[in-house]
Amino acid sequence: MGRRRRRKKIVVRRPTLPTVFQCPNCGAHALIIDIIQNKKTKEMKAIIRCAECGLVHEEPVESPIIDRAVIYGRFIDKFYAGEIKVPEGGEEEE
């Protein structure tokens, strides 16, 4: 006599949004985006900084549902448009 087979457990893997992004200045995957909310005024801002080259940019956040990927896209657009200043001595040429 055979025994009864068990049903296989189906695992659904959902993709997650990244937390560390690629820096457009130096090319390293070291760009971190922190979202900070002021408790008194309820204003939110995103601080975008690179751990490798020292690039820092601060941007206001309009809605609390905006995630880091949207902020990164806006940052990339502004960087390539020339609206963001690159720190002197940040990127080393070889």
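In what follows, the accompanying structure is described. (Residues numbered from 1 in each chain as written. Predicted model: local features only at pLDDT ≥ 70, side-chain atom pairs only at ≥ 80, totals over all residues. Heavy atoms only, no water.)

## Quick notes on the environment of R5
This is how the line gets drawn: Only DSSP runs of H or I covering at least 4 residues are called helices, and only runs of E covering at least 2 are called strands; the numbering of each starts at the N terminus. Working definition: with a 1.4 Å probe on protein chains only, accessible area under 20% of the residue-type maximum means buried, over 50% means exposed, and in between means partly exposed.
Along the chain, R5 turns up in the segment before β1 (20-21). For R5, a relative accessible area of 81% translates into the label exposed. C-alpha of R5 to C-alpha of L55: the two residues are 50 residues apart in sequence and 58 Å apart in space.

## Side note on the pairing of strand β4 (residues 56-61)
Note the threshold: For two strands to be treated as a pair, DSSP must find at least two bridges joining them.
The alternating pattern of β4 places H57, E59 and V61 on a buried face and V56, E58 and P60 on a face that is not buried. As defined by bridge partners, strand β3 (residues 44-50) adjoins β4 across 6 bridges and the pair is classed as antiparallel. Opposite I47, over in β4, you have E58 as the bridge partner. Counting the residues that bridge the hairpin from β3 to β4 gives 5 residues, and of these G54 lies at a positive phi of roughly 85°.

Read these as spatial facts, not as claims about activity.
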